[in-house]
Amino acid sequence: MWYNIFKFEIKYRIKRPDTYIFFVFLFLFAFIGVDFIFQGMDFEIIKRNAPITIAKSMAAITGISLAIASMIMGVPILRDFEYNIEALMFVNPIRKRDYLLGRFLGSYAVLLFAFSGMLLGFTVGEFMPWHNPNHLLPFSFLRYLEPFVLIALPIVFFGATVFFVSGFLSRKLIVVYTQAIFIFVLFVLTKSIENEFLQAILDPFSLTTLTDMTEGWSVAERNFQFIPFNGVLLYNKLFWIAIGIVVSMIGYSKFNFNVVGDKTSKKRQQKLSNKSDSLANFKSKVPVFTRQQNFKTQSIQLAQHTMFYFKSILKETSFWTIVLCGIVIIIINSISLGTVYDVDSYPKTYFIVKELQEMSGFFFVIILVFYSGELIWKERTTKLNLIYDATPITSFINLSGKFIGLILIYFVLMLTLVAAGVLFQTANGYYNYELQVYFNGFILELLPILVLYTFMAFFFQVLLNQKFIGVIAILFFLIGNVILGFMGVEHDLLSFGGSTLTFYSDMNGYGHFLRPYLWVKAYWFLFCVIIYIATVVFSVRGTETSLKKRWKLSKYNFTKRLQSASMLILILFLLTGSYVYYNTNILNTYWTNAEEQEYQLGYEQTLKKFEHLPQPKIRAVNLNIELYPNTRAYTSEGYYILKNTSNVIIKEVHVQKLIESNVTLDYVTFEGGAAEDRQYDKYDYFIYKLKKALQPGDTIKMRFKQSFTTKGFEVSDSNPNIVENGSFFTNKNFPTLGYNRKYELSDKDKRAAYKLPIRSSKASLKDTFALQNARSGSDSEGIQLEMIIGTTLDQTAIAPGKLINQWKKEDRNYFHYKTSQPIVDFYAIVSARYELKEDIWFPQSDTIKQAVALQIYYHKGHDYNLNRMMQAMKKSLNYFSANFSPYQYQHFRIMEFPRYAAFAQSFPGTVPFSEAIGFVLDIDDEKDVDMAFYITAHELAHQWFGMQIEAANVQGQHFILETLAQYAAIMVLKQNYPEDKVKQFLALQKETYLEGQLREALQEPALALVENQDYVYYAKGVINMYVLQELIGEAKVNLALKRFLNDWNSFKGPKKVKTRNYATSGDLLRYFKEVTPDSLQHVIKDLFETVTLYKNRTTAASYEKVASSQYNVYLEIETSKYRIDDQGNEISVPINDWIDIGIYGKDVDGNKNLIYLQKHYINKKQTLLEIEVDQQPTNASIDPHNLLMDRDFENNSAYFVEHD
Amino acid sequence: MKLIISNLSKTYANGVKALNKVSLDIPTGMFGLLGPNGAGKSSLMRTLATLQEADEGTITLDNLNVLTHKNEVRKVLGYLPQEFGLYPRISAEMLLNHLAVLKGITKRNERREIVKALLHKTNLYQARTQNLKGFSGGMKQRFGIAQALLSNPKLLIVDEPTAGLDPAERNRFYNLLSELGENTVVILSTHIVDDIKELCTNMAIINQGEVLLKGNPLAVIQQIEGKVYEKAVQKSELEDYKQNYNVISEKLFLGKPILHILSDNNPGNGFKPIEASLEDRYFSEIFGKSLNPINA
């Protein structure tokens, strides 16, 4: 019997178009699956079709597509209820078992068919010509089949059972639509589980599971090892399959094979009170009404209609389920508040709004997609449509009522979210709610895009005239838009809806980004209104649904009024579009990606020949800068003093203007005159043939004027540096000399496509030209800087140097800065409305007792961490001046700038510091590391490493600049904070390193050869420096650095002067080696010169109690050390190291506590240790602070067994 | 007020010919449309109610082209479809109120009065705050009637309005209709022949999309007066009779078939002449072998 039902189900489904749509959907999704899931991933090392890549992509896509499982599995029983044929079905002599089993298996077979589209899509996708063959392993179908069977199918089974059961138990279509979300919520929930093992088991999509089980796999394993079906993965799958089985059993027993017997029938009986009216009432006349058909009546109709639909959705439990679900997600999802190094910020409204937007986005999409369908189909679903359609309401008002009703629903959700946000803030003791920021975040940023997509959803629903296909269409439209964006359709006039609004900054609000945003939204709104008129004209009224018939009818529906309205809107649309185009493409230059690449290619091919042409160096800069923040403009006029420091005669000076269309170089003149050669105009590269050639050692004055003007507006990504409040730009904006490497095409694959030679991001250590440069396009060897900056009356402008004068003129503020000693050719100008906090630091042990003015220029209200930053400045100045060399300036300034970028950057005596990374951090000294302190210390350290000593622009440059700044900062942290804060910081760095290392496209370089890998020079760097100072002593390291700073000082270091080279990592390491005892020399090699890794493991741990407070601990440890060579091979090296051994016990409160920590000398693979401790040990660990580069830390520790 | 249908044809996408050159002149007053299931009654009524297109032909309401000026027609239209549903989770009053808005009754006071009056008229006033989910078939039908009467229709189209009503309710409804006065075109479809006889001044019989007969019910009966004969027969004889006589209907009376036949002359053989009814005329049109073309 069940077989017949099964067959019936299959036959029914075969005829349904959605079966094939699902298949095609999954096929297409899988087709781009890997690229979709691993967006932006480089498959150089871990290949695109490695088993782990495929497994993760499949798991993710299966998870995302579970909604399809819901739509297939949720409906088979529900369908009988929907069509009211359950009575017909259930009176038949079918047994419950056969009925359920048949329906389930039939639907499940269809589901498997749909998901086979995924398998096929993945497989076929591999052969697409656009994949880089270097990113692929040889094809093997098994690599797809295995994860499909092991990973995807169990998820599908679980989903199928749960959806099937909840579908027939709830008998609600909306449950079918939304239950996949719940699984998704569950998935998100598991992310917050701390216990990794539990998390791996409970993740319904097995993503965490896969990550967990492949942790510590080598590259080769990741590429070739099939996913083993054991361990956590096996448990994970068993767990979810078991859940599926349990759910089916519950469902089976709960399923009632009766039609009635539910609550409604009782209600109905009660309600059938049917008293008759008196005859008098019956005889009453129906009043005659006066028909008016004017604007007023239509407005009333629209308003009433809108409220009707609005209320109808409010009555839906499904809506509130979605709202509730959204709130739950927000509550459980720890809100990330501009978190920097694990430290949350204060719950400022803009953080909350961003989080709320991100987390609620999915729910808005669900509401949009499903309720637009529900509303369009509302009358037809209840079969009220014939009555409706025969009323004289215009289709326009009818649809608009539904449309606006749905928009009001968005408002309800938004209000709920705002309420949740305000509650969250209150709960966190933050009462500055900034309701206008909430308003902006939802009404300005989110609502427009929702409105636009709702228009499209209505259009698809009406045009396609099938609710389900309409839903699929709008989803495709959504996804298609994203894909088009990837394919390079990016211009706001082409990409539907335009781009999002740049985030809100306390300092600058939405700044100048708002205007283009609003224009673009207006443009798309008008576009959608035209679409909407088409929607109205083609809307179904009555029983004619075929497109052909509706086309015929459209001429009657397209009334004169609508015609003239469409004409008007079309004209407005074209005008708006033209205005935007005029602004973005005519007033400003718009480059497509392809054009930009062509330009970069041309730049390199045309001008590369000048790269090594000797050019004079800038020795002095004298500028008058007039800043006009309100109009986003500046002029900069003045001169450079250039000196020929080479030993050849220089006949021509090559000037490179900043390549940006709103920057103009108004004039350039040379003392003694020069002829201008403009043949490279296209690249803003001008050659000046000097009338009088520049002899070695001679100087020449170059005068110029540069202007930045804002014309109209640009597409979304316009310059965030010159803004209304909080301008911040560097001297890289001013003319530079000679070829600029930064304009070259840097993407490796694109370079290969254009057949350009491989470009390393840093020159090699052997590049003698690069050794003489401290930065890309460097054209100086230290400058004297003098600058007068004018800005608006309410703003303060800041640049390096001593403020020697300050005045007001013509309602403007002027500031005159001048340096009293040479500085590196790297300076920034900032201007904003600032509050100022000041203090003074006196050197403690210096012979020259010159005070240093400490200043923090901050945005009003951002005063949370000023004291921490001030402390950091003083403590750092103490430490650095005592241990390295004296501080060179009489001032140190921190200036806050808008959060368009999230960094702090050191310039001579000045540090622009983003509002995003320290000013609003909510530092809890109990649980957080004081990152405001640390970042300040790090930036201050750059006054030594970067300002006193520059590093040659070659491999290892950031080892000197950043790693040493990290070292200096952690030493200050160590001096001022408890040990565990330092360890907490280092543990976080270790995580950052491991994450970065996983994303690495090439081989991880040694620190001494590091290029742009920040996970190496920041994260690994600070750990290795910490290890070095533990091994050879902090004083020794500082001594080495002191010598290094002295010898290689950029301006007066004897070695710098002698060689004319900047310092390299090799130079630095020589100083380290000098202070390192012979027995530890190899450590330098391990830490800095090679990528050396450890595999440490505690294989056995036991102890015996000797006396009341004497325990003998026996540890069997396994230690091995290996290096990764250029090809990524592991090469074993003998171990010969002092390694931390830690033993944990419990303190009086029962907390885990290190009771023993000593370095032990280890020189063989297996070592037996016998240690005496004075309290009962619980577990032991090699390298308990995880400072050695061991990729699998878990197995370092072991719990004890007690000896008999 | 006059509704003129001429040469109206409609073929559905699946090839079914729903209307075939239908021409009718319908004056004010009650007009009955009689025909078996699938005859094309509902198709015709939907077309009149601006909800369906015709392939050919025209419909005019006075000077208004119904097929092209739909919204003008809808302003004077009341329509009760044969089958319809109601939003389950709102009350009768709310939905009627909402439909009144759609019909253009935008003044709140007016609307309230009209809705109240109609709820009284359709005997739903007591149940006005109940959710429609709890409505019985009859109540639902009465609600349908109430909404059709909103906005004083000039053209009222009611498709099988009395289905599901008990006899008392049915009477009430007919009273309502007859009250509508003389300047409204009321088109009523039914397969209860008596309804038409009692109510309608004009009628048409349609089958398979074609108008078989149109005219005044009494005149229509008049045409077969004296030609209808009746006889009770045995079941076993049924087939013989069917072959030999123009049988227009067979009924069971106390378990025995009773035949009605149509014959110009007295057929004898135990057949008794009876008074012709509209039902006889109807069945003769639908099932009978036509004698000679009869025109009303």
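Residues numbered from 1 in each chain as written. Chains lettered and ligands numbered in written order. Predicted model: local features only at pLDDT ≥ 70, side-chain atom pairs only at ≥ 80, totals over all residues.

Time to look at the interface of chain B and chain A. Chain B puts 47 residues into the contact, and the matching count from chain A is 44 residues. Of all the elements in the fold, those that place two or more residues in the side of chain B that touches chain A are α2 (70-75), β6 (77-80), α3 (92-102), α4 (108-121) and α5 (137-149) of chain B. For the side of chain B that touches chain A, the element with the highest residue contribution is α4(B), accounting for seven residues. Taken together, the residues that form the side of chain B that touches chain A break down as 19 nonpolar, 17 polar and eleven charged. (Contact = placed C-beta atoms within 7 Å. Helix = DSSP H or I, 4+ residues; strand = E, 2+ residues; numbered from the N terminus. Nonpolar A, V, L, I, M, F, W, Y, C, P; charged D, E, K, R; others polar.)

Moving on to the pairing of strand β10 (residues 780-792) of chain A. Residues and elements named next belong to chain A. When strand β1 (residues 617-628) meets β10, the two strands line up parallel, connected through eight bridges. Directly across from Ile-625, in β10, lies its bridge partner Ile-789. As paired strands, β10 and strand β13 (residues 812-818) are joined by seven bridges and run antiparallel to one another. Bridge assignment links Ile-789 to a residue of β13, and that residue is Phe-815. (Pairing = 2+ DSSP bridges.)

Residue and element names in this part refer to chain A. On the basis of which strands lie adjacent, the open sheet formed by four strands has the order β15-β16-β17-β18 and mixed pairing. At either end of the open sheet lies a strand with only one pairing partner, and these are β15 (835-841) and β18 (910-914). Across this sheet, the average inter-strand angle for adjacent strands is 15°, counted without regard to direction. Note: β15 against strand β16 (residues 852-858), seven bridges, orientation antiparallel. Note on β16: the bridge partner recorded for Lys-837 is Ile-856. Its contacts with the sheet put helix α31 (residues 866-883) on β15, β16 and β17 (891-897), and the angle it makes with β16 is roughly 150°. (Axes fitted to C-alpha atoms, helices over the stretch in contact; angles between N-to-C directions.)

Generally speaking, soluble globular proteins have nonpolar side chains that are buried together. If you look at the biggest cluster of nonpolar residues, it comprises 233 residues, and the most contacted ones within it are Leu26(A), Met58(A), Leu111(A), Phe31(B) and Ile187(B). If we skip the residues at most four places from it in the chain, Leu26(A) touches Ser65(A), Ile68(A), Ala114(A), Phe115(A), Gly117(A), Met118(A) and Gly121(A). Listed in part, the 147 residues of the second largest apolar core include Phe670(A), Ile700(A), Tyr887(A) and Ile949(A). (Core = buried A, V, L, I, M, F, W, Y, C linked by C-beta atoms within 7 Å. Buried ≥ 20, exposed ≤ 12 C-beta atoms within 10 Å, placed from the backbone.)

All names here are of chain A. Structurally, the position occupied by Phe-351 is in helix α19 (residues 349-376). Of the residues examined, Phe-351 has 24 C-beta atoms within 10 Å and is grouped as buried. In this structure, the C-alpha to C-alpha distance between Phe-351 and Tyr-504, residues 153 residues apart in sequence, is 9.3 Å.

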